[in-house]
Amino acid sequence: MSRCRYVEPLWTTKKTASLLLLLLLLLLSETATSADSDENRITRWTCTPTDLCLVDSSPSASRMQDQQRFESQRDCRLSCGKYGSIWPMPTGDCSLSHDRVHFDPWKVRFNVVAPSEATTQFLRETNRHFVSNLLKECTRNCTLEPSKEVLVKATVTTNTLQLDWHTDESYMLVVRTTATATFVDIKAATVYGARHAFETLSNLVAGSESHGLLLVSGARVHDRPQYPHRGILLDTSRNYMPLRYIRSTLDGMAASKMNVLHWHVVDTHSFPLEITRVPEMQRFGAYGPTQIYSRADTVNLIKYARLRGIRILIEIDGPSHAGNGWQWGPAAGLGNMSVCLNNKPWRNFCVQPPCGQLNPVNDHMYAIYKEIMEDLAEVGAPEETLHVGGDEVYLPCWNNTEEITRRMRETGYDLSKKSFLKLWSQFHQRNLEAWDDINQRLYPNIVEPKPMIVWSSLLTDPDYIEEYLPKERFIIQTWVGKDDKLNRDLAKLNYRLIISTKDAWYLDHGFWGSTKYYNWLKAYNNPMPQGTRPGQVLGGEACMWSEYVDQNSVEARIWPRAGAAAERLWSNPKTSALLAQQRFFRYRDRLIARGIHPDAVIPRWCVLNEGQCL
Ligand SMILES: *[C@@H]1O[C@H](CO)[C@@H](O)[C@H](O)[C@H]1NC(C)=O
Ligand SMILES: *[C@@H]1O[C@H](CO)[C@@H](O)[C@H](O)[C@H]1NC(C)=O
Ligand SMILES: *[C@@H]1O[C@H](CO)[C@@H](O)[C@H](O)[C@H]1NC(C)=O
């Protein structure tokens with residue numbers, strides 16, 4: 001599937017290399033405390049034929065002449081192994097030179113060629129993020145006098161800013177160095193592809209031991225993702241997360257080329273999201289007046305995400321997992337919009353306290369749900385859709401609610417499971433019609449009606465899903481175990497799928513009940529199910545449910561494990577996690593440099609002594 005080879009540094013003459021070395025020596029002699037510029041100290045590291053970066057302590061006389069040497073492990077890692085430090089692994093051609101350019105990040109110059117003002121602006125912003133990420137790689141003083149010139153040209157050929165499952169995220173990145181300068185050439189169809197190219201370019205850079213940064217002096221990378229949906233689910237209902245933790249999640253995702261933040265913003269527990277048409281939702285549903293997301297917050301978050309190539313897909317879970325926020329109906333003359341709300345003992349009415357399930361026979365509930373959708377349609381991009389939850393409906397709740405069973409009998413339903421499934425599917429069908437109506441009004445130019453996403457549930461049983469959820473309108477996000485046949489069965493029925501493997505990508509597991517923790521190797525070695533036609537498996541999401549996590553630990557719970565899922569979804573590698581580990585450790589260090597707090601995954605000694613802890 002992917003091919004990657006080393007290139008001989010054709011474009012770097014021996015003369016430039018020795019000049020560079022001289023420069024290095026000069027710089028070191030300026031700053032190093034033990035001022036004797038010992039060549040052994042500067043270039044001690046070598047990349048072995050088995051792709052390990054090791055310190056070579058043999059005296060210089062006995063060294064092999066043509067063995068390339070590096071000043072640090074970080075430097076060595078840039079081109080050791082098929083993919084150097086690029087995370088996730090590129091899927092196309094990839095070649096990296098062993099030579100380096102020593103440069104000053106302040107002096108990188110950008111040239112943007114894009115067909116519209118908006119795409120040009122986007123890329124200028126991308127350039128700013130890129131430089132700011134580079135500065136974080138500096139180990140010492142970033143300033144380098146004199147610096148090699150680095151000229152970056154980014155060309156984007158289409159003016160679309162649309163970001164969905166059809167977006168072309170491919171890119172081509174070429175780095176070449178001449179006697180006078182280093183030229184970086186980025187080509188992509190969309191700004192999102194170009195943005196990914198800048199991420200890859202940042203993976204070709206490491207801090208120098210002296211001033212400035214090192215860049216792989218020659219590279220050629222052709223790349224595009226295997227799956228168009230590479231996400232993280234973040235739950236902010238069970239425990240509220242301040243905005244900066246959502247932004248930090250987006251930063252980590254951008255670094256990992258993930259493109260969907262599935263924002264599980266509300267649930268039965270709390271409704272922190274401001275709906276301007278229905279302020280009661282937040283007033284009755286938020287944990288407190290500061291534990292909220294205003295409409296402006298949401299708008300800004302969506303903007304922040306898109307500049308990092310990420311969609312925010314909002315979930316308004318229903319008909320179950322909905323309660324607090326919906327309790328004001330009776331006082332407002334709208335009846336019970338949610339039933340079994342906070343009922344006790346909870347085990348009789350739901351799968352997890354507090355209980356609550358929307359009332360599918362109350363028209364006012366549908367009207368309010370529509371107002372919520374209309375608010376979200378306004379803040380989201382025209383092409384964006386909604387996740388409407390739909391899992392874990394607890395039938396005994398509805399079956400124990402007099403209003404519901406009475407209405408069912410009146411309309412000729414019995415109280416069988418089948419009747420309840422029908423009632424449940426009508427909930428989704430009715431909301432879908434409302435969603436279509438909203439979108440036709442707001443975005444009349446969008447020709448194809450947008451699908452909705454639902455979780456796998458009793459309703460998505462392959463034996464009868466076709467009766468309830470039309471496959472051209474509903475995408476199913478499955479959350480079954482690796483060995484479950486649900487994905488295969490739904491694929492056979494031609495449903496589009498998003499995969500959240502419960503026993504690999506549920507990041508909350510290992511912290512409650514008898515669930516097990518899945519380390520990054522397990523998250524990485526999670527095979528994606530096959531579709532029956534191309535494009536049917538849209539991708540997947542690692543899920544950060546927040547019952548047992550809040551801002552105090554969320555970064556370490558998500559990272560770096562979600563990065564393993566990111567490589568699975570971008571590259572779908574045939575090789576196992578063990579072959580990726582040095583690259584993965586470097587990726588984790590990069591997250592740290594960017595201000596994220598990923599969990600430790602191995603003792604530092606094993607990172608420093610490659611190959612010794614297998
Ligand atoms: C970094 O180095 C430059 C040039 O050597 C010097 O002018 C500058 O003051 C240094 N900055 C810091 C923060 O040390
Ligand atoms: C609404 O729920 C409350 C509490 O469960 C119940 O007492 C009341 O009868 C319900 N109202 C209707 C109209 O069913
Ligand atoms: C609902 O309750 C009735 C009796 O109260 C029972 O006969 C029926 O089986 C229940 N339905 C389901 C789906 O459990």
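Residues numbered from 1 in each chain as written. Chains lettered and ligands numbered in written order. Predicted model: local features only at pLDDT ≥ 70, side-chain atom pairs only at ≥ 80, totals over all residues. Heavy atoms only, no water.

> I keep staring at the side chain of Gln282 and nothing clicks. Help me out?
Following the sequence through the fold, Gln282 ends up in helix α7 (residues 280-285). Looking at Gln282, the relative accessible area reads 13%, which means it is buried. Polar contacts involving the side chain of Gln282 include one to the main-chain carbonyl oxygen of Pro272, which spans 2.9 Å. (Helix = DSSP H or I, 4+ residues; strand = E, 2+ residues; numbered from the N terminus. Buried < 20%, exposed > 50% of the residue type's maximum accessible area, 1.4 Å probe, protein only. Polar contact = N/O pair within 3.5 Å; in protein donor to acceptor, adjacent residues only side chain to side chain.)

> What is the right way to look at the pairing of strand β9 (residues 181-188) in this model?
For a regular strand, side-chain orientation follows a simple rule: the groups alternate between the two sheet faces. Across eight bridges, the pairing between strand β7 (residues 149-156) and β9 is parallel. The residue of β9 that forms the bridge with Leu151 is Phe183. Of the strand pairs in this sheet, strand β8 (residues 171-177) and β9 are connected by seven bridges, and their pairing is antiparallel. Looking across to β9, one finds that Leu173 is bridged to Ile186. (Pairing = 2+ DSSP bridges.)

> Can you walk me through the UniProt feature "domain: Glycoside hydrolase family 20 catalytic" (unreviewed entry) in the protein in this structure?
On the UniProt side, "domain: Glycoside hydrolase family 20 catalytic" (unreviewed entry) is annotated at positions that read residues 227-572 here. Here residues 227-572 is 36% helix and 14% strand, with 8 Å between the C-alpha atoms at its ends. (UniProt positions renumbered as here; feature names shortened; annotations may be inferred.)

> Hey, could you run me through the site of ligand 3 in this one?
Every residue lining ligand 3 is accounted for by Asn399, Leu415, Ser416, Lys417 and Phe420. Contact between ligand 3 and Asn399: an oxygen atom at 2.4 Å from a side-chain N or O atom of the residue. Here Leu415 contributes a backbone N or O atom positioned 2.8 Å from a nitrogen atom of ligand 3. Contact with the protein chains covers 41% of the free accessible surface of ligand 3, which is 360 Å². Each residue belonging to the shell around ligand 3 can be placed in one class, and the counts come to two nonpolar, two polar and one charged. (Near = heavy atom within 4 Å. Areas by Shrake-Rupley, 256 points an atom, 1.4 Å probe, with all protein chains shown as cover. Nonpolar A, V, L, I, M, F, W, Y, C, P; charged D, E, K, R; others polar.)

> Would you mind going over the pairing of strand β20 (residues 474-478) with me for this structure?
With five of five residues buried, β20 lies mostly within the body of the structure. As judged from the four bridges shared by strand β19 (residues 452-455) and β20, these two strands associate in the parallel manner. Looking across to β20, one finds that Met452 is bridged to Phe474. Both β20 and strand β21 (residues 497-499) contribute to a ladder of three bridges, which runs parallel. Directly across from Thr478, in β21, lies its bridge partner Ile499. At this point the chain moves from β20, through helix α14 (residues 486-492), to the parallel β21, and the crossover so formed is right-handed. (Right-handed = clockwise from strand over helix to strand, strands pointing away.)

> Help me understand the pattern of salt bridges, please; the structure alone is not making it clear to me.
Applying the stated rule across the entire model yields 37 salt bridges. Of the charged contacts, one joins Glu137 and Arg586 as a salt bridge, the two residues approaching to 2.9 Å between their closest N and O atoms. Within this pair, whereas Glu137 is found in the loop between α4 (117-135) and β7, its partner Arg586 is found in helix α19 (residues 581-593), the two being separated by 449 residues in sequence. For Arg586, a relative accessible area of 6% puts it in the buried group. For Asp185, the salt bridge is made with Lys187, and the minimal N-O distance between the two is 3.0 Å. Its relative accessible area of 23% is what places Asp185 among the partly exposed residues. (Salt bridge = Lys/Arg side-chain N within 4 Å of Asp/Glu carboxyl O.)

> Is there a simple way to explain the packing of aromatic side chains in this structure?
Any pair of aromatic rings gets described here by the distance separating the centres and the angle formed by the planes. A complete count under the given rule lists 21 aromatic pairs for this structure. Taken together, a centroid distance of 4.8 Å and an interplanar angle of 25 degrees make the contact between Tyr240 and Tyr293 stacked. Of this pair, Tyr240 sits in the loop between β13 (229-235) and α6 (243-255) while Tyr293 is found in the loop between α7 and α8 (295-306), placing the two residues 53 residues apart along the sequence. Looking at Tyr293, the relative accessible area reads 0%, which means it is buried. Aromatic ring contacts, followed pair by pair, group Trp87, Trp520, Tyr524, Phe584, Phe585 and Tyr587 into a single cluster. Over the ring of Trp165 we find Arg311; its NZ or CZ atom is 4.4 Å from the centre of that ring. Note that Arg430 overlies the ring of Tyr366, its terminal NZ or CZ placed 3.9 Å from the centroid. (Phe/Tyr/Trp six-rings, centres within 6.5 Å; stacked < 30°, edge-to-face > 60°. Lys NZ or Arg CZ within 6 Å of the ring centre and 35° of its normal.)

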